[in-house]
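What follows is each chain in one-letter form.
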Amino acid sequence: MVGPCAQDFANFLSFLTDRYKGKVAAYEIWNEQNYAIETGGQVNVGAYLPILKAGYQTLKSKDKNITVVFGGMTPTSTNNSAVAIPETDYLQQFYALNNGEGKRYYDVLGAHPGSNCNPPDNSYPDNPATTPCGTDPDGGRSYTKNNSFYFKRILEMRSIMEQNGDGNRKMWLTEFGWDSTDNPAPAYNYAKYVTEDQQAQYIKRALELGKSYPWMGIMFVWNLNFQATTKPDDEKYGWAVLRSDYSPRPAFNTLRDFAK
């Protein structure tokens, strides 16, 4: 038996799966569920399990070949359920629910690695970036002195998977990229420290690292064309790999030419 919210979600997915049968190969169950703004104002690890379960069971009943993705979590070090819970803590707490019951209800783990203005080869504290990066206005944290701001945060996530007997599953990066703009939105001030050429270089290197990880699956670059659909003061603007006139930024050309 499932609660009303989980049942509503299952009903919605049932309709969606019927409508797009044969056209959608994977479904991600929620987005950044460790971030309160995505979950009605409060992060609740226990509340995600019935949603994930209902989603998995509904999708598999429609098509057993559909890939079910654990919702990619936002990278953060904030530990306040009214704001966010670190994705590392969230995942560990998830595995502890009902003796690991949740592992039955997804095929791959989704992740949203940090990046901000740090090169993908660096990490904190073992190999911190030395490039200019600025300070996070939320709490005054240096972007180079917290691993949640690094691409290699995913290695922490992978370690937690393996510690909990989940090393047989792949990880998909359902969002990753670098924000590059001269006029960043508030709280995205790090973007002015990333040039367009660096954005391209960092994305390429992240893809190379992903190919070297045997447990890495699909990596989705975020995003394609928000410069054409939003204004420069929108937080999504600087992540785009196409400009507002749809001409390519260097990152687009890099992606086009990258050896798959």
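Everything numeric in this text was worked out from a predicted model, so none of it was measured.

Another aspect to go through is the pairing of strand β2 (residues 67-73). Of all 7 residues in β2, 7 are buried, a share of seventy percent or more. As defined by bridge partners, strand β1 (residues 26-29) adjoins β2 across 4 bridges and the pair is classed as parallel. In the sheet register, isoleucine 29 faces β2, and the bridge partner there is phenylalanine 70. Handedness of the crossover joining β1 and β2 through helix α2 (residues 45-62): right-handed. Note on the crossover from β2 through helix α3 (residues 87-96) to strand β3 (residues 108-111): the handedness is right-handed.

Let's shift gears to the packing of α2 against α3. Relative orientation of the contacting elements α2 and α3 amounts to 65°, with a least axis distance of 10 Å. Seen from above, α2 lies across α3 with right-handed handedness. Every residue of α3 that contacts α2 at Val45, Tyr48, Leu49 and Leu52 is listed here: Tyr90, Gln93 and Phe94. For the contact of α2 with α3, the per-class residue count stands at 6 nonpolar, 1 polar and no charged.

The strand order across the open sheet formed by 5 strands is β1-β2-β3-β4-β5, and the pairing between neighbours is parallel. With one partner strand each, in any of the chains shown, β1 and β5 (216-221) form the two edges of the open sheet. Across the sheet, the mean angle from the axis of one strand to that of its neighbour is 25°, orientation sign disregarded. Sheet topology places β3 next to strand β4 (residues 171-176); 3 bridges connect them, and they run parallel. Among the inter-strand pairings, alanine 111 is bridged to a residue of β4, identified as leucine 173. Sitting on the sheet, α3 is in contact with β2 and β3, with an inclination near 135° to β2. Of the strands in this sheet, β4 and β5 are in contact with helix α5 (residues 196-212), which crosses β5 at around 165°.

Definitions and limits used
Here, residues in each chain are numbered from 1, in the same order as that chain's written sequence. Under the rules for a predicted model, residues below a pLDDT of 70 receive no local features and side-chain atom pairs below 80 are neither given nor counted, while totals for whole chains, interfaces and linings still include all residues. Side-chain numbers come from the whole structure's heavy atoms, not from hydrogens or water. Accessibility here uses a 1.4 Å probe with only protein chains present; expressed as a share of the type maximum, an area under 20% marks a residue as buried, one over 50% as exposed, and anything in between as partly exposed. Only DSSP runs of H or I with at least four residues qualify as helices, and only runs of E with at least two residues qualify as strands; both kinds are numbered from the N terminus onward. Pairing between two strands requires that DSSP report at least two bridges joining them. Handedness of a crossover is defined as follows: with both strands directed away from the viewer, a clockwise route from the first strand across the helix to the second makes it right-handed. Where helices are involved, their axes are fitted lines through C-alpha atoms of the stretch in contact, as for all axes, and angles between N-to-C directions lie from 0 to 180°. A crossing counts as left-handed when the near helix is turned anticlockwise from the far one by less than a right angle, and as right-handed when that turn is clockwise. Note on contacts: a residue pair qualifies if any of its non-hydrogen atoms lie within 4.5 Å across the two residues. As a working rule, the residues Ala, Val, Leu, Ile, Met, Phe, Trp, Tyr, Cys and Pro are called nonpolar, Asp, Glu, Lys and Arg charged, and the rest polar, with Gly in that last group.

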